[in-house]
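The residues making up each chain are set out below.
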Amino acid sequence: MNDDALKKEIVALLRRNARIPEKELADRLNSSAEKIAALIRELEKDRVIMGYAAIINQEAENGEVRAIIEVGVQPERDTGFDTIAERLGKFPEVHSVYLVSGHYDLRLEVVGQSMQDVASFVSSKLASQPGVKSTATYFLLKKYKEAGVQISKDEHYERLKIVP
Amino acid sequence: MSDSKLSPKQWVAPHIAGLPRSGIRDFFELVKTMDDVISLGIGEPDFVTPWHIREACIYAINHGYTSYTSNLGDPRLRKAICKYSAENFGLEYKPENECIVTVGVSEALDIVLRAVLSPGDEVLYHEPCYVSYAPSVRMTHAVPVPVLTREENDFVLQVEDLEKAVTPRSKVLLLNYPNNPTGAGMTLADKQLMADFAIRHDLLVLSDEIYEELSYIPRTPSIASLPGMKERTVTLNGFSKAFAMTGFRIGYACGPVDLIEAMMKIHQYSMLCASSIAQAAAIEALQNGQGPREDMRREYEQRRNVIVKRLNEIGLPCFMPRGAFYVFPRISSTGLDSATFAKRLLQEKHVAVVPGTAFGSCGEGFVRCSYATSLEEIEIAMTRIQELVSALS
């Protein structure tokens, strides 16, 4: 496998499990741990891999509140949506920012300690930003799936122990 | 009353009474009595059937697609199979009369053998092989003729060995590559040698290609697509392994019109048709299942890399399998025979593998390890195998 193909496989495996040891990656891909480590460093340097996060079952964790916020904005003449999107992304409360097609422009995911927290972020920080024309806030009530992982484990099936 | 003076009548036909129980069966009984066993003895995918396939089956139930289908199988499925075969295996078959949907490859094999064999006909097949081959031949009153394959050839059947076994009564050559239990695979050159041999001796080839989609070498055309082979080959395949659909029990056979017609008669009288709702699932698998299928194949390939490396490090040599999800390491250096090794591994280390002898007597000195199990479990199993091997040396 050439380096590009290896990198593709590494990214696919890390997406599924970011904690997979370099040695296992090496064994799976018939490569060496040193080679894998070097490629991962390259992927990080090139910002293909930007970080490693755990997939948390919020309910089992703390009382964090999350909301999806649809934001209508006035694009700028030279930079379009980029300037305002990047500016909104600087707030630590904002977990993700996407430019989307459809009835509004930017889709934000915002995290706060309470509903009050999120509400005050929207009214005092977000809505008052120059260029922001409208907001619509949707509090997330229950999570069923994240990052490809289903929250409830409803599938149990024991295979026969020996099958020809 | 039970105190009859007459000895009880032997109802079971001698040729059935004489069939050995599958060697795996006894071992299975032993495993059943234990919990916390890590099993490398499972010849089916550890992936649950992809959701879109299960959903198609549920949809079929909800919409009342629950009656008999045509004997040959739902025409939409046959059409999908023929298209899939053309695109993936280089095989052109007509859905109207060159393809039959069966209850797994097991039924396909059974009915093709019954369709072509008369008592006394001989079937050449390779050992080690899947456990049903010799019994299925015997059930037709024909004669199974095993041809041994060897580690030095990575368990690929050799023409010299076939030439020694062929007789005027030989009628069928039964092939299974990629192979259960060894993971052996055939290159195009290997297939050409088999084809030449079959033509030279005027044999019908039955090619069990159930593991074909789980190939880790560049895919080559099926043997039926080689010149002069289509008219003397029946290709058997199914959904169990490639699409993780073992419990759906859908297989198929493609071949010459007269053979499919003959198979259809047996199928019609014994099975009528394969399950309609499982056929609906199979259609979905062929139409939209290529992504999940490839994901699973890559996962098996990576596990294969790991398990082969570990076994060789432990001192149980095995070659790099070309397909399927089995490795077949040699364990003779431990001083134990296959059955004893497997039994001690199970009892002392709680790891199940299948003795090579379950797949033919030439499997002595080997065990079959399936890597259709999570890498996490494979790693634990390897550690435990290492412990046993160290203790034995």
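All values derive from a computational prediction rather than experimental measurement.

## Examining the overall build of chain A
Broken down by element type, chain A carries five helices and six strands. A compact globule built from 164 residues would reach a C-alpha radius of gyration of about 15 Å, whereas chain A, at 21 Å, exceeds it by more than 25%. In terms of overall dimensions, chain A has a C-alpha envelope of 65 × 40 × 30 Å along the principal axes. A fraction of 57% describes how many contacts in chain A between residues 6 or more apart in sequence connect residues 24 or more apart.

## With respect to the overall build of chain B
The secondary structure content of chain B amounts to 13 helices and 12 strands. Contacts in chain B between residues far apart in sequence, at least 24 positions, make up 75% of those at least 6 positions apart.

## With respect to the domain arrangement of chain A
Domain parsing of chain A yields domain 1 (3–45) and domain 2 (63–142). The C-alpha-based centres of domain 1 of chain A and domain 2 of chain A are spaced at 35 Å.

## Section: the interface of chain B and chain A
Taken together, the contacts link 21 residues of chain B with 12 residues of chain A. For the side of chain B that touches chain A, the elements supplying multiple residues, two or more each, are α2 (23–32) and α11 (290–314) of chain B. Ranked by residue count, the leading element in the side of chain B that touches chain A is α2 of chain B, at five residues. Taken together, the residues that form the side of chain B that touches chain A break down as 12 nonpolar, six polar and three charged.

## Details of the packing of helix α12 (residues 338–349) of chain B against helix α13 (residues 375–392) of chain B
Residues and elements named next belong to chain B. Two numbers describe how α12 lies on α13: the axes approach to 10 Å, and their chain directions differ by 110 degrees. Judged on the interaxial angle alone, α13 and α12 are roughly perpendicular. In the packing of α12 onto α13, the handedness of the crossing is right-handed. Contact residues: α12 offers R344, L345, E348 and K349, while α13 offers R384, I385, E387 and L388.

## Some thoughts on unusual backbone geometry
Between E127 of chain B and the following residue, P128 of chain B, the backbone shows a cis peptide bond with an omega angle of 0 degrees. In this structure, P128 of chain B sits in the loop between β3 (122–127) and α6 (133–138). The step from N180 of chain B to P181 of chain B runs through a cis peptide bond, and the omega angle for that step is 20 degrees. Mapped onto the elements of the fold, P181 of chain B is located in the loop between β5 (170–175) and α8 (188–200). Unusually for a residue other than glycine, N30 of chain A sits at a positive phi of about 55 degrees. Within the fold, N30 of chain A resides in the loop between α2 (22–28) and α3 (33–45). Unlike most non-glycine residues, R47 of chain A shows phi in positive territory, near 55 degrees.

## As for the sheet that holds strand β6 (residues 204–208) of chain B
Residue and element names in this part refer to chain B. If you walk across this open sheet you meet the seven strands as β2-β8-β7-β6-β5-β3-β4, and the pairing is mixed. With partners counted over all chains shown, the strands left at the sheet margins are β2 (99–102) and β4 (143–148), one partner each. Along the sheet, successive strands turn relative to each other by an average axial angle of 20 degrees, direction set aside. Where helix α4 (residues 75–89) meets the sheet, it contacts β2 and β8 (251–254), and its direction lies at approximately 115 degrees from that of β2. This element, helix α9 (residues 257–270), spans β2, β7 (233–238) and β8 of the sheet and lies at about 25 degrees to β2.

## Notes on the confidence of the model for chain B
For chain B, the mean per-residue pLDDT works out to 95, and 98% of the residues sit at or above 70. Across the whole predicted complex the pTM is 0.91, and at the interface the ipTM reaches 0.82.

## Observations regarding the sheet that holds strand β2 (residues 94–99) of chain A
Residue and element names in this part refer to chain A. In space, the four strands of this open sheet follow the order β2-β3-β1-β4, with antiparallel pairing throughout. The open sheet has two edge strands, β2 and β4 (132–139), and neither has a second partner. Strand-to-strand twist across the sheet, computed as the mean angle between neighbouring axes with direction ignored, equals 20 degrees. Where strand β1 (residues 65–73) meets strand β3 (residues 106–112), seven bridges bridge the pair, whose relative direction is antiparallel. Bridge pairing links V71 to L106 in β3.

Conventions used here
- Residues numbered from 1 in each chain as written.
- Chains lettered and ligands numbered in written order.
- Predicted model: local features only at pLDDT ≥ 70, side-chain atom pairs only at ≥ 80, totals over all residues.
- Helix = DSSP H or I, 4+ residues; strand = E, 2+ residues; numbered from the N terminus.
- Rg over C-alpha atoms; globule rule 2.2 N^0.38 Å.
- Contact = placed C-beta atoms within 7 Å.
- Domains from an automatic or database assignment.
- Nonpolar A, V, L, I, M, F, W, Y, C, P; charged D, E, K, R; others polar.
- Axes fitted to C-alpha atoms, helices over the stretch in contact; angles between N-to-C directions.
- Parallel < 35°, antiparallel > 145°, perpendicular 65-115°, else oblique.
- Left-handed = near helix turned anticlockwise from the far one by under 90°.
- Pairing = 2+ DSSP bridges.
- pLDDT = per-residue confidence, 0-100.

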